[in-house]
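# Observations on chain architecture
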Amino acid sequence: MASFKHLLGIEGLNPVAVTNLLDLAESYALLNRSGKTQRDLLRGRTLINLFFEDSTRTRTSFELAGRRLGADVVNMSVATSSVTKGETLLDTAATLNAMNCDLLVVRHNRSGAPALLAQKVGASVINAGDGTHEHPTQALLDALTMRRNKGRISGLTVAICGDVAHSRVARSNILLLTMMGNFVRLIGPPTLVPGNIATSGVEVFHDMKKGLEGADIVMMLRLQKERMTGGLIPSMREFFAYYGLDRKKLSYAKPDALVLHPGPMNRGVEIDSAVADDAVRSRITEQVEMGVAVRMAVLDWLARGGVV
Ligand code: NCD
């Protein structure tokens, strides 16, 4: 029997842990729809949301998840500009230790920051996105959304499109989806989808038509301008023409292919509103709903010792 103190990435998890988390999250999705809560589960426990980077969905859903399970939730927003990385993180760790926090949710612009904090604090650390490294709860909520709609989370062809190079969402999804036996395609310009990014079970395409053929799921990624140093794309207009998902490009995928996007969306850049708001093909709002359920499952699981 293995046990996990922290959730720092999909890396290190195994298919049994992923399946158990998705099953638990599914039960929380049903509980949430029924309007009930389970406030006794984390009663007396403290959850701190420590966000060194902006966030809407992730921070709010961890807050809701913690509250629905009865935890005391504190939000700490830290301005990145005033941070001298190492020192401040360790100072922060000392402060958090003094507060006897039980669950620490961390988002940081540096890859590896949550892992560093995990070595210094007594709390269970949950990575809510670190640099270009990982965003494990996003991959879990994406997997739950896929499983609910396709009835399985294996043997699917999933196309991940756009700014893969800067995306922690893509990295965590690649790890989870290949671990569970799906076929992953990465589609985008060579500057954003370098050929060497492919690992086993992953194929790279620079052409949407070829890459989307036969896809069950089309996952669009935000163009992460804040992480780009040079001019990696000629212009937004050109990017949309070649890689933006509109009805025409979606028609290259399977007729029942579903569209995902982790948000926030750049409408008219990586995705057309007609597709994003299509009630039949888009599952973007369901992803947000599943985000709360997945985060409840992760908090519950870690608070009970993270046993697999
Ligand atoms: C993602 C993130 O922050 O990594 N957003 C999210 O958590 N929903 C993706 C992004 O910022 O584009």
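Notes on the structure in this doc start here.

Our next topic: the sheet that holds strand E3 (residues 103–108). Judged by pairing direction, the sheet is parallel, and its four strands sit side by side in the order E2-E1-E3-E4 without closing on themselves. Looking at which strands have only one partner, the edges of the open sheet turn out to be strand E2 (72–77) and strand E4 (124–130). Between one strand and the next, the sheet's axes are offset by a mean angle of 15°, whatever the strand orientation. The pairing of strand E1 (residues 46–51) with E3 spans five bridges and is classified as parallel.

What follows concerns the sheet that holds strand E6 (residues 183–187). Read across the sheet, five strands follow the order E7-E6-E5-E8-E9 without closing on themselves; strand pairing throughout is parallel. Two strands bound the open sheet, and with one partner strand each, they are strand E7 (202–205) and strand E9 (258–260). On average, adjacent strands in this sheet sit at an angle of 20° to one another, irrespective of strand direction. Note that strand E5 (residues 157–161) and E6 share five bridges and pair parallel. Looking at E6, one finds that Thr157 is bridged to Phe183. Helix H6 (residues 168–179) rests against E5, E6, E7 and strand E8 (217–220) of the sheet, and its axis sits at about 170° to E5.

This brings us to helix H5 (residues 136–150). Between the first and last C-alpha of H5 there are 21 Å, a value that for 15 residues agrees with the 21 Å anticipated at 1.5 Å per step. Of all the 15 residues making up H5, 13 are buried; the element is thus mostly covered by neighbouring parts of the structure. Within two residues after H5, Gly151 carries a phi angle of roughly 80°, on the positive side.

Right, let's get into the site of the ligand. Around the ligand, the structure places Arg57, Thr58, Arg107, His135, Gln138, Arg168, Val169, Arg222, Gln224, Pro262, Gly263 and Pro264. Thr58 places a side-chain nitrogen or oxygen 3.0 Å from an oxygen atom of the ligand. Burial of the ligand by the protein amounts to 94% of the accessible area it has alone, namely 310 Å². Of all the secondary structure elements, the ones that give two or more residues to the shell around the ligand are helix H2 (57–68) and H6. Class assignment for the residues of the shell around the ligand results in three nonpolar, five polar and four charged.

Here the focus is the side chain of Asn49. Looking at the element boundaries, Asn49 is found in strand E1. Within the local environment of Asn49, its side chain forms a polar contact with the side chain of Asn75, the two groups lying 2.8 Å apart. Among all residues touching Asn49, those that are not within four sequence positions of it are Arg59, Phe62, Glu63, Val73, Val74, Asn75, Met76 and Val105.

What follows concerns the pairing of E5. Burial of E5 is extensive: five of the five residues sit out of reach of the surface. Since E5 and E6 lie parallel, the crossover through H6 that links them has a hand, and here it is right-handed. In the sheet, E5 pairs with E8 via four bridges, with the strands oriented parallel. Looking at the pairing, Ala159 lines up with Val218 of E8.

This next bit is on the pairing of E4. Along E4, seven of the seven residues are buried, which leaves the element largely enclosed by surrounding structure. Across five bridges, the pairing between E3 and E4 is parallel. In the strand pairing of E4, Val106 is matched with Asn127. With respect to chirality, the unit in which E3 leads through helix H4 (residues 113–120) into the neighbouring parallel E4 is right-handed.

Our focus in this paragraph is the environment of Asp130. Along the chain, the position of Asp130 falls in strand E4. Exposure remark for Asp130: the relative accessible area of 2% places this residue in the buried category. Along the chain, Asp130 and Gly112 lie 18 residues apart, while their C-alpha atoms are 6.5 Å from each other. Among all residues touching Asp130, those that are not within four sequence positions of it are His108, Arg110, Ser111, Gly112, Ala113, Pro114 and Arg168. A polar contact is formed between the side chain of Asp130 and the backbone nitrogen of Gly112, at a distance of 2.8 Å. Side-chain polar atoms of Asp130 contact the backbone nitrogen of Glu134, separated by 3.0 Å.

Analysis parameters
- Residues numbered from 1 in each chain as written.
- Predicted model: local features only at pLDDT ≥ 70, side-chain atom pairs only at ≥ 80, totals over all residues.
- Heavy atoms only, no water.
- Pairing = 2+ DSSP bridges.
- Helix = DSSP H or I, 4+ residues; strand = E, 2+ residues; numbered from the N terminus.
- Axes fitted to C-alpha atoms, helices over the stretch in contact; angles between N-to-C directions.
- Contact = heavy atoms within 4.5 Å.
- Expected span 1.5 Å × (residues − 1).
- Buried < 20%, exposed > 50% of the residue type's maximum accessible area, 1.4 Å probe, protein only.
- Near = heavy atom within 4 Å.
- Polar contact = N/O pair within 3.5 Å; in protein donor to acceptor, adjacent residues only side chain to side chain.
- Areas by Shrake-Rupley, 256 points an atom, 1.4 Å probe, with all protein chains shown as cover.
- Nonpolar A, V, L, I, M, F, W, Y, C, P; charged D, E, K, R; others polar.
- Right-handed = clockwise from strand over helix to strand, strands pointing away.

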